Amino acid sequence: MKKLINDPNNVLADALVGVAAAHPELKVDAANRIIYRATPKDKGKVALISGGGAGHEPLHGGFVGFGMLDAACNGEVFTSPTPDQMQEATKVADRGAGVLHIVKNYTGDVMNFEMAAELAASESDIKVETVVTNDDVAVQDSTWTAGRRGVGVTVLLEKIVGAAAEEGRDLAAVTALAKKVNEAGRSMGMALTSCTVPAAGKPTFEIGDDEMEIGVGIHGEPGRHRVPIAPASEIAKQLVEPILADFDAKGPAIVMLNGLGGSPLIELYLMYGEVAKLLEKGGVKIARNLVGNYITSLDMAGCSVTVLKADDELLKLWDAPVNTSGLRWGI
Amino acid sequence: MKKLINDPNNVLADALVGVAAAHPELKVDAANRIIYRATPKDKGKVALISGGGAGHEPLHGGFVGFGMLDAACNGEVFTSPTPDQMQEATKVADRGAGVLHIVKNYTGDVMNFEMAAELAASESDIKVETVVTNDDVAVQDSTWTAGRRGVGVTVLLEKIVGAAAEEGRDLAAVTALAKKVNEAGRSMGMALTSCTVPAAGKPTFEIGDDEMEIGVGIHGEPGRHRVPIAPASEIAKQLVEPILADFDAKGPAIVMLNGLGGSPLIELYLMYGEVAKLLEKGGVKIARNLVGNYITSLDMAGCSVTVLKADDELLKLWDAPVNTSGLRWGI
Amino acid sequence: MSDGTISLERLTAWLGRFAELVTDQRAYLTELDSAIGDADHGANMARGMTAVMEKIGAGTPAGAADELFKSVGMTLVTSVGGASGPLYGTFFLRMGMTAGAVPSFDGGSLGTALRAGLEGVVARGKAEAGDKTMFDAMAPALDAYDAAISGGGTVQDAAAAAFAAAEAGRDATAPLVARKGRASYLGERSAGHLDPGATSTALLFQALSETLSGTTTPTGG
Amino acid sequence: MSDGTISLERLTAWLGRFAELVTDQRAYLTELDSAIGDADHGANMARGMTAVMEKIGAGTPAGAADELFKSVGMTLVTSVGGASGPLYGTFFLRMGMTAGAVPSFDGGSLGTALRAGLEGVVARGKAEAGDKTMFDAMAPALDAYDAAISGGGTVQDAAAAAFAAAEAGRDATAPLVARKGRASYLGERSAGHLDPGATSTALLFQALSETLSGTTTPTGG
Ligand SMILES: Nc1ncnc2c1ncn2[C@@H]1O[C@H](COP(=O)(O)OP(=O)(O)O)[C@@H](O)[C@H]1O
Ligand SMILES: Nc1ncnc2c1ncn2[C@@H]1O[C@H](COP(=O)(O)OP(=O)(O)O)[C@@H](O)[C@H]1O
Ligand SMILES: [Mg+2]
Ligand SMILES: [Mg+2]
Ligand SMILES: [Mg+2]
Ligand SMILES: [Mg+2]
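Since this is a predicted model, take the numbers as computed values, not measurements.

Caption draft 1: The arrangement of the relation of the copies chain B and chain A in detail. Overlaying chain B on chain A yields an RMSD of 0.0 Å, the required transformation being a rotation through 180° with an accompanying axial translation of 0.0 Å. Such a combination of rotation and displacement between the chain copies is what one expects of a two-fold axis. Residue by residue, 100% of the interface of chain B is reproduced at the interface of chain A, so both copies engage with the same surface.

Caption draft 2: Quick look at the coordination of the magnesium ion (ligand 6). Residues and elements named next belong to chain D. Coordination of the magnesium ion (ligand 6) by the protein is provided by Asp33 (OD), Asp38 (OD) and Asp40 (OD), with metal-donor distances spanning 2.0 to 2.2 Å. All donors of the magnesium ion (ligand 6) come from a single chain, and their spacing in sequence reads D-x4-D-x1-D. The distance between the magnesium ion (ligand 6) and the magnesium ion (ligand 4) is 3.5 Å, with Asp38 acting as a donor to both metals. Accessibility classification places Asp33 together with Asp40 in one group, the buried group.

Caption draft 3: Summary view of the site of ligand 2. Around ligand 2, 21 residues are found, and the nearest of them are Asp38, Asp40, Ser84, Gly125 and Asp195 of chain D. More than one chain lines the surroundings of ligand 2; the residues nearby belong to chains B and D. Interatomic distance of 3.1 Å between a side-chain N/O atom of Asp33 of chain D and an oxygen atom of ligand 2. Backbone polar atom of Gly125 of chain D to a nitrogen atom of ligand 2: 2.9 Å apart, as the coordinates give it.

Caption draft 4: Structural view of the layout of surface pockets. By volume, the second largest pocket is sized at about 1300 Å³. Lining the second largest pocket are 41 residues, with Thr193 and Asp299 of chain A together with Thr193, Ser194 and Asp299 of chain B sitting closest to its centre.

Caption draft 5: Structural detail: the sheet that holds strand β7 (residues 185-191) of chain A. Residue and element names in this part refer to chain A. If you walk across this open sheet you meet the 6 strands as β9-β8-β7-β12-β10-β11, and the pairing is mixed. Strands with a single pairing partner mark the edges of an open sheet, and in this sheet they are β9 (225-228) and β11 (284-292). For this sheet, the mean angle separating the axes of adjacent strands, direction not counted, is 20°. Examined bridge by bridge, strand β10 (residues 251-259) and β11 share 8 bridges and lie parallel to one another. Its bridge partner being in β11, Gly251 is matched across the sheet by Val284. Lying over the sheet, helix α4 (residues 153-167) contacts β7, β10, β11 and β12 (302-309), oriented at roughly 45° with respect to β12.

Caption draft 6: Examining the sheet that holds strand β5 (residues 99-104) of chain B more closely. Residue and element names in this part refer to chain B. Spatial strand order, β1-β2-β4-β3-β5-β6: 6 strands in an open sheet with mixed pairing. The open sheet has two free edges, formed respectively by β1 (26-29) and β6 (128-133), since each of these has just one partner strand. Each strand axis lies, on average, 20° off the axis of its neighbour in the sheet, ignoring direction. Where β5 lies against β6, 6 bridges are found, and the strand directions are parallel. Paired with Leu100 across the bridge in β6 is Glu129. Sheet strands touched by helix α1 (residues 11-22): β1, β2 (34-37), β3 (47-54) and β4 (71-77). Its angle to β4, the strand with the most contacts, is close to 145°.

Caption draft 7: Structural context of the site of ligand 1. Lining the immediate surroundings of ligand 1 are 21 residues, of which Asp38, Ala83, Ser84, Gly125 and Asp195 of chain C lie closest. Mapping the residues near ligand 1 onto chains gives chains A and C. Within the side chain of Asp33 of chain C, a nitrogen or oxygen atom sits 3.2 Å from an oxygen atom of ligand 1. The backbone of Ala83 of chain C places a nitrogen or oxygen atom 2.9 Å from an oxygen atom of ligand 1.

Caption draft 8: Molecular detail of the arrangement of the chains. If you rank the 3 pairs of chains in contact by how many contacts each has, first place goes to chains A and B. With respect to C-alpha atoms, chain C approaches chain D no nearer than 36 Å, and the pair has no contact.

What counts as what
Residues numbered from 1 in each chain as written. Chains lettered and ligands numbered in written order. Predicted model: local features only at pLDDT ≥ 70, side-chain atom pairs only at ≥ 80, totals over all residues. Heavy atoms only, no water. Least-squares fit on C-alpha atoms with pLDDT ≥ 70 in both. Contact = heavy atoms within 4.5 Å. Donors = N, O, S within 2.8 Å, 3.2 Å for Na, K, Ca; no water. Buried < 20%, exposed > 50% of the residue type's maximum accessible area, 1.4 Å probe, protein only. Near = heavy atom within 4 Å. Polar contact = N/O pair within 3.5 Å; in protein donor to acceptor, adjacent residues only side chain to side chain. 1 Å grid on protein atoms, 1.4 Å probe; cavity = no way out; pocket = protein on both sides within 12 Å on 5 of 7 lines; lining within 4 Å. Points joined across faces, edges and corners; volume = space filled by probe spheres on them. Pairing = 2+ DSSP bridges. Helix = DSSP H or I, 4+ residues; strand = E, 2+ residues; numbered from the N terminus. Axes fitted to C-alpha atoms, helices over the stretch in contact; angles between N-to-C directions.

Remember, this is a structural readout, not a statement about activity or role.
Encoded structure:
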């Protein structure tokens, strides 16, 4: 295993030291592994918190700041944080108008956030609502699975709903918007390589030089199927087609071409060119886009495509000022 | 070779298609492989152009926009662009006040930019000045070498000098500032893995699972020496010590912890924590910092440290608004 | 018949042995989780049970079973995360809630507490038989335990039967297609691998059986 | 003595053969550049000479040597980039500038043009003997060429001598520590590898020798 780390079991704690050093505009609670705004938003505004296992950076800590999250809870690599952390983050973030928990749909994340909400209800009078993102079309959403994974749409949701919260919308309205965004988004991912979980010390799966995994999530789990490696134009097809087959994507949309951590930006732009061509052919009018590493899977080489159908309201909220280390504009 | 590409000999052209699709605020001249601002800066202001081989993204195209570059020329992967491209970019960028060519110190880049300046002098009356960056302390600067490589300081220089140009300083002042910035910066890099040049099809160098290269540049060339792989705290030492040994870095500085393309953000933050500790111990007062992938070497895993001594003038220019896809704030 | 009193010390020894087993088999549990999950189950269980042993080793030992198991559950919930944290955490929390402030268990009350733990796991995770989860080792283990006790067996017999049933249940997860947890994302590709959580659950009952068989059970007229 | 006229067709054939050689050995040149450079010399030379052959193949063939070599040089300068683009580009540009509007070369005028090309390379790159660059193949090649001509040899003899000297110069770069170009960054680590540019320069003279030896040179009283 080749990584820029010290003790493989201490990666999160060590990385948070760097986050604290790099970002005076953020506070890092090392004990609770929480990142939150040094300057909280105004009293009376709804707060947003999210959290998840480490290894997806910049998600979520990189999206804490004006216009997006108020706090982020960090679990160990690929391991959901714990209810006490979430409860702490909820208290830190609340400005009297309640807190929205943004949860990616994984059994662990969902159960831990559930327990956190139970704690909040029993131990405090903070109003907590939850949105669970589940946009990954690689997973059949059926009683035969834990449901679709929450992936790329989580990034776009944190931006859009964060803007609505800054506007002063109430918890019910913010929650309703969050659900609307989640329902309007779909994602599909692929991997050229596995990632290596530091504590595991070796790649999560073996894969041949001439193979790739289609339908991967963001935890190094194998995808839905393994196929021969193909040119970018063909890979784009294998990502775009399942999305267009899953919902009617015609009309204006925000599109993200996301890198999984190990693929350089030049490849991501090349993929975006291929993906945009296919989406436009499919009737998608790309109104806004993001190309880069936003929700990653450690050092995995590969990418994912997210298509979020966006009406004027969503576009307006998308364009609103945001000031985080991961996304910044209009500020 | 596992990459998100089509024809390995067409990577740059294909990637530029994606850049054009992703960035309506930029114009892409596909024939000349030039990226420039869709909305040029005001007449009478000095223009900045840079360029180099592809494979270092976001450098340089990602730094075209308000407050930084006016145009960027793209060569094939790791191959300097050609004089005609540079001449074209010079013409496109010039707003009547002359053009600064920002050149990283590599034989190819320097010779091609020299020929471009000769062309500009003979074919046009555009005033052209040149700054050559050479901040890599891994290379002894002697008559026995082509001189130090231009690496990380190039990013910081493009930001700071770009801000000065937006202020309306004249070509002489902008050029003098550029030289001052270059002289105030030092960098040192290391690699855990080689990168793979698409057209070459395999890693540029072989390296064992327990080895790393210290003193690499950004072209996949081996470094100054190969050593056993070490913890992040030790790697930080091997990067920081040569920098502190090379110049008196005491006092305020802008520090960049740069990823080479294949190392995930969580590792870069972890490294920044280690590096910041050592620099502060060495008397460096870190006034500003950047952590992320800014000047890369395709898919190489590794990082570099850049320390730029920064007086109040440089800090003020650093904080000035910038609006590019690679760096954006204050806007 | 044996009175089969199970003291707090013995229960603590059970937890200690479980901590040993998950730490020893950490790499193996992670290996299993690599095949159909995200390669962290070994790290999660080792981290959690290490925290547990630090917690109950520190300060004054618990005075009663409810206190002991509630603190075990809380420690797991707050130190593990992932799916296994809330699930094993709830398992022990419910054991504690049912136990009451008793200084020891006998075969019957231990069975009642374990059953409550299983119900907690189901309440939290909604797993059913055959979903390819820890449930598939835990449920048969408790059925075997209860059968042994109601058949007049000793706690040792019951624990041994539970261990055997847990291992059988674990092995039976191999051919299953997962319907819960991360492994369910793999669909058919999840078949042919043991479930990591079922494997750690088998270790829980191995620890119980080994610890209790260490008890000398006086027989009386 | 032979008149040894070298027609434009023959000079074009030389360029065509050089294009063939760098394309065939593209992977090898890149291999050499991987060891002490950035793994692109093969791609650069192949791209450049392919562009050259397209350029001079298209439209009406050049009417004179100056025209031919200036367009070759310009095409290399605008299609290659890197270090080799300006260097080989300047080499041919200077050949063209010196040649004048002649319809052909003889042994002497070809030598003069080649020498001017070398001077262009030095003016552009400041290389000296032993810096481990293309200069180390080019300079000995031209010395051998001139010696052969002034010794009354045919252009075939001269080209063959140049080729042999270029290969010797190429091989002599192996033990050198580079003082110019990327390889100089490696310091001592650059020793033990052939220089890629010296290797492509040897191919340039191989192409010349092979092409000219194809000429039939009538001998007359
Ligand atoms: N809904 C559920 N009910 C019961 N057990 C579950 C459920 N989901 C997952 N598990 C168990 O959790 C185990 C995985 O635990 P772990 O790897 O520590 O957490 P994560 O899946 O969050 O990485 C699985 O092997 C399975 O036995
Ligand atoms: N200053 C110089 N003078 C002469 N030749 C040089 C000089 N610098 C580099 N070269 C030649 O250029 C070759 C490298 O060419 P190439 O790999 O195409 O360009 P780059 O080094 O920019 O990647 C070297 O092998 C060397 O022979
Ligand atoms: Mg996990
Ligand atoms: Mg090059
Ligand atoms: Mg797991
Ligand atoms: Mg090269």
